[in-house]
Amino acid sequence: MTQIMNTPRLKPPRREDGRIIIHFDYDCFYAQVIENQQPALKFLPLGIKQKSILATCNYVARRAGVNKLMGISDAKKVCPELILVDGEDLSAFRDVSKKMYRLLRSFSWNRKLERLGLDEYFMDVTDMVDYNVELLNRNALDQSFFCLSKDDPEQGFTYDASSVAGCVYGSTVSPGQDSTSHTQYLRLVAASHLARYTRMQIEEQGYTSAAGISTNKLLAKLVGNLHKPRNQTTLLAFTDEEVWSFMDTHQLRKIPGIGSRTTSILKSHLLPPPNLDSNDEDSPKEALTAYLVRTHPAVSPSSLERLLFAPGAERGLGEKTWSLLHGVDNSAVKPASDVPTQISIEDTYQGLDEPNEISTQLKLLSASLLRRMHIDLVEEGRWIAQPKTMRLTTRPYRRDKPYNWNRASRSVSLPGWACGLGIPNEDIALRLAEEVLLPMFRRLNPGPRGWQVGLLNVCVTNMIIVAGIGEGAGAGAGGAGRDIGDMFRRQEDVLREFTAYEEEVDDEERVAEDDGRGFPDEVTDDNASGKISLDRKEEGEGSDVEWEEDDHDGLETCTKCGHLIPSFALTAHERYHAMEP
Ligand code: DCP
Ligand code: MG
Ligand code: MG
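Residues numbered from 1 in each chain as written. Chains lettered and ligands numbered in written order. Predicted model: local features only at pLDDT ≥ 70, side-chain atom pairs only at ≥ 80, totals over all residues. Heavy atoms only, no water.

### Concerning the packing of helix H1 (residues 29-37) against helix H4 (residues 91-105)
(1) Moving on: It is the contact of H1 with H4, at a shortest axis distance of 10 Å, that shows an interaxial angle of 95°. When the axes of H1 and H4 are compared, the pair comes out roughly perpendicular. On H4, the residues that touch Phe29, Tyr30, Val33, Ile34 and Gln37 of H1 are Ala92, Phe93, Val96 and Ser97.
(2) Moving on: A class-by-class count of the residues in the contact of H1 with H4 yields seven nonpolar, two polar and no charged. (Axes fitted to C-alpha atoms, helices over the stretch in contact; angles between N-to-C directions. Helix = DSSP H or I, 4+ residues; strand = E, 2+ residues; numbered from the N terminus. Parallel < 35°, antiparallel > 145°, perpendicular 65-115°, else oblique. Contact = heavy atoms within 4.5 Å. Nonpolar A, V, L, I, M, F, W, Y, C, P; charged D, E, K, R; others polar.)

Here you go:
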């Protein structure tokens, strides 16, 4: 869809295009993991089931009319021969995700490689691209060589630098040699070939993927969605207008970083009231495009700030939304790390009210958290990082209230024995549930009963890198986590969780079991224990959850500087003040 460009009423945000970023997203990720375990399934329609819905399905099933996040009964109606495999245990998916991450990391020079959810990665390839564009012989572009190592000039691949590898969105004619855009074009071309080469390497490991190539994370992710599966798209947009026209085609809700709250506020302000006689959800009245918001006479960074304001809401949300609408996203690709910033496990219930039910669930959650801690944080029998804080979050079950209604959390220091090795995990899990989680639960939910618990989330965070091991950010700088520089880097990691693009792979767990958005979902009885299942998950969730507006639960005001700090980061924050001269 082409939009007529209006002369901007307001100064548009400044766009930086100095970086080149590739976004990778695996095709039907969970389904591919299962197919690799049972290759016969590759040619049959396959759905991965979580409670009553499909977390994903393979492309054979998609061709038969099945969609991601469809209810199982609907999917079976559309495709009776659909094979269902249970996908509630995420361990296999996590393992593959980790392996692929390490493979991609081996290509990166600057180690700027960020994982988003389990199946997406951003890679900042600016340094590799600029080095290779510098080497180009502009008279023989079709016979170029892409160097993958500065030290070994033979390591790399030949490519045709006169044309983009894969699909293109935007100008189909390459800018002439004399044009100012020519070098930028060559940079994007080189990156498109690097993306293709990397995707081929991943295919050798048995996984197909899609990629997007552009100058920031937002544009790379969006453009990569255009040609899936097993394909890639490069955004050739050299002017502001070209970038805006790409952004304008998107539904507001599809823009990472613009959450459901923002969308619903803007819908209610900018769209005419819905026609109550019409049940058509997709009627044009429901559609709010980026174009409509960007060009609306009432919309400006300050009006957005006012509209989106809520107590405790992220500051600068108006400016941020305004920037995203213009395709501007200056957020950095975070450096690679082996250590997640937090690990959390949660489950949802239809109102737990019995002390023994709570205790049973806390024991189950504690055991699976401990299993995950061992998978992610223990290597060769040693901890590569140890969490220092444990947090419990609860929320009562109320169908008529928003998702986060009355959500409350408490954090405590994680006792040292929780990271004991050589003690059976079951014993530690039991002790954690009884000595740490239950007392926290009682403080969060005073009173003998009547709590009607709808959610329990157990999380460990505030990771301290164990000296000498680990190669990622914040690792290896000095003695037993006492090195000051190391400590600051760690703190940065902890506080980083509050940026719009949180690296929280672990939130995938939450999404797998709970919608994670700001609005309640329809729930149905799943089994007698009071657990619930979700009927509906929104398309595009999961890995996208990190791009949501921040969830401001559990924030505490620092008594020294007045900043709102997440409770789990408070210890690190206080250490920071203690270090000040
Ligand atoms: N996922 C989930 N719940 C969601 C969204 C995703 O459990 N609400 C899981 C299942 C997916 C994986 O995360 O396999 C990756 O999500 P994607 O949105 O990238 O979906 P796929 O990789 O399955 O499909 P596509 O080929 O469209 O990328
Ligand atoms: Mg995917
Ligand atoms: Mg994905």
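Don't stop here, the text continues.
### With respect to the sheet that holds strand E15 (residues 385-396)
(1) Moving on: As summarised here, the arrangement of the four strands in space is E12-E17-E15-E16, forming an open sheet in which the pairing is antiparallel. For this open sheet the edge positions go to strand E12 (342-352) and strand E16 (408-413), each flanked by a neighbour on one side alone. Averaged over neighbouring strand pairs, the angle between their axes works out to 15° when direction is ignored.
(2) Moving on: Looking at chain direction, E12 and strand E17 (residues 453-465) are connected through eight bridges and run antiparallel. Considered in E17, the bridge of Leu352 is made with Val453.
(3) Moving on: Packed onto the sheet, helix H13 (residues 355-377) meets E12, E15 and E17 and runs at close to 160° relative to E12.
(4) Moving on: Contacting E15, E16 and E17, helix H14 (residues 425-444) crosses the sheet at an angle of about 40° to E15. (Pairing = 2+ DSSP bridges.)

### Remarks on the nonpolar core
(1) Moving on: One finds Phe93 and Val125 to be the most contacted residues of the largest nonpolar core, which totals 54 residues.
(2) Moving on: For this core, the element with the highest residue contribution is helix H6 (residues 182-204), accounting for nine residues.
(3) Moving on: The residues touching Phe93, leaving out its near neighbours within four places in the chain, are Phe29, Tyr30, Val33, Ile34, Ile48, Gly87 and Leu118. (Core = buried A, V, L, I, M, F, W, Y, C linked by side-chain atoms within 4.5 Å. Buried < 20%, exposed > 50% of the residue type's maximum accessible area, 1.4 Å probe, protein only.)

### Topic: the coordination of the magnesium ion (ligand 3)
(1) Moving on: Every protein donor of the magnesium ion (ligand 3) is accounted for by Asp25 (OD), Asp119 (OD) and Glu120 (OE), and the metal-donor separations fall at 2.2 to 2.8 Å.
(2) Moving on: Coordination of the magnesium ion (ligand 3) draws on donor residues from a single chain, spaced D-x93-D-E in sequence.
(3) Moving on: Here the magnesium ion (ligand 3) and the magnesium ion (ligand 2) are spaced 3.4 Å apart, linked through Asp25, which binds each one. Of the two residues, Asp25 sits in strand E1 (residues 21-26) while Asp119 sits in the loop between strand E5 (113-116) and strand E6 (120-124), which places them 94 residues apart along the sequence. A single burial state applies to Asp25 and to Asp119, both of which are buried. (Donors = N, O, S within 2.8 Å, 3.2 Å for Na, K, Ca; no water.)

### A look at the coordination of the magnesium ion (ligand 2)
(1) Moving on: Coordination of the magnesium ion (ligand 2) by the protein is provided by Asp25 (OD), Tyr26 (O) and Asp119 (OD), with metal-donor distances spanning 2.0 to 2.1 Å.
(2) Moving on: Coordination geometry of the magnesium ion (ligand 2): the six donor atoms subtend angles of 81 to 175° at the metal centre, consistent with an arrangement described as octahedral.
(3) Moving on: Mapped onto the sequence, the donors of the magnesium ion (ligand 2) take the spacing D-Y-x92-D. (Tetrahedral: all angles 85-135°; square planar, octahedral: opposite > 155°, others 65-115°.)

### Some thoughts on unusual backbone geometry
(1) Moving on: Following Lys228, the chain continues into Pro229 via a peptide bond in cis, with omega recorded as -10°.
(2) Moving on: With respect to the secondary-structure elements, Pro229 resides in the loop between helix H7 (217-224) and strand E11 (232-236).
(3) Moving on: Positive phi, normally seen in glycine, also occurs at Arg111, with a value near 60°.
(4) Moving on: Not every positive phi belongs to a glycine, and Glu380 is a case in point at roughly 45°.
(5) Moving on: Tracing the backbone shows Glu380 in the loop between strand E13 (378-379) and strand E14 (382-383).
(6) Moving on: Classification of Glu380 by relative accessible area gives exposed; the value is 82%.

### Structural notes on the environment of Lys76
(1) Moving on: Its location among the elements puts Lys76 in helix H3 (residues 72-78).
(2) Moving on: Considered as a pair, Lys76 and Gly47 are 29 residues apart in the sequence and their alpha carbons are 9.8 Å apart.
(3) Moving on: Not counting residues up to four positions away in its chain, the partners in contact with Lys76 are Leu82 and Leu84.
(4) Moving on: Engagement of the side chain of Lys76 in a polar contact is seen with the backbone oxygen of Leu82, the distance being 2.9 Å. (Polar contact = N/O pair within 3.5 Å; in protein donor to acceptor, adjacent residues only side chain to side chain.)

### Focus on the packing of H4 against H13
(1) Moving on: Contact geometry of H4 with H13 gives a least axis separation of 11 Å together with a crossing angle of 20°. Judged on the interaxial angle alone, H13 and H4 are roughly parallel. The interaxial crossing formed by H4 with H13 has right-handed handedness. Residues Ser91, Arg94, Asp95 and Lys98 of H4 form the contact with H13, whose own contacting residues are Arg372, Ile375 and Asp376.
(2) Moving on: Here the residues of the contact of H4 with H13 are counted per class, giving one nonpolar, one polar and five charged. (Left-handed = near helix turned anticlockwise from the far one by under 90°.)

### Quick look at the packing of aromatic side chains
(1) Moving on: Tallying each qualifying case throughout the model produces 14 aromatic pairs.
(2) Moving on: Pairing Tyr26 with Phe29 gives two aromatic rings, centres 5.6 Å apart and planes at 50°, and the pair type is tilted. This pair shows no difference in class: Tyr26 is buried, exactly as Phe29 is.
(3) Moving on: Judged by centre distance (4.4 Å) and plane angle (10°), the ring pair of Phe157 and Tyr197 falls under stacked. Pair noted here: Phe157 is in strand E8 (residues 156-159) and Tyr197 is in helix H6, with a separation of 40 residues, a long-range link.
(4) Moving on: Members of the aromatic cluster, connected to one another through ring pairs, are Tyr26, Phe29, Tyr30, Phe93, Tyr101, Tyr121 and Tyr207.
(5) Moving on: The residue whose ring lies beneath Arg115 is Tyr101, and the NZ or CZ to ring-centre distance is 5.0 Å.
(6) Moving on: For the cation-ring pair, Lys217 lies above Phe122, with the distance from its terminal atom to the ring centre recorded as 5.3 Å. (Phe/Tyr/Trp six-rings, centres within 6.5 Å; stacked < 30°, edge-to-face > 60°. Lys NZ or Arg CZ within 6 Å of the ring centre and 35° of its normal.)

### Looking at the sheet that holds strand E2 (residues 46-50)
(1) Moving on: Across the sheet, which stays open at both edges, the three strands sit in the order E3-E2-E4 with mixed pairing between neighbours. Each of the sheet's edge strands pairs with one partner strand only, and the pair in question is strand E3 (53-57) and strand E4 (83-86). Taken pair by pair, the neighbouring strands of this sheet meet at an average axis angle of 40°, ignoring direction.
(2) Moving on: Alignment of E2 against E3, held across four bridges, turns out to be antiparallel. When the sheet's bridge partners are listed, Ile48 is paired in E3 with Thr56.
(3) Moving on: Across the sheet, H1 lies against E2, E3 and E4, angled at about 115° from E2, the strand it touches most.

The values reported here are purely geometric and, on their own, carry no functional implication.
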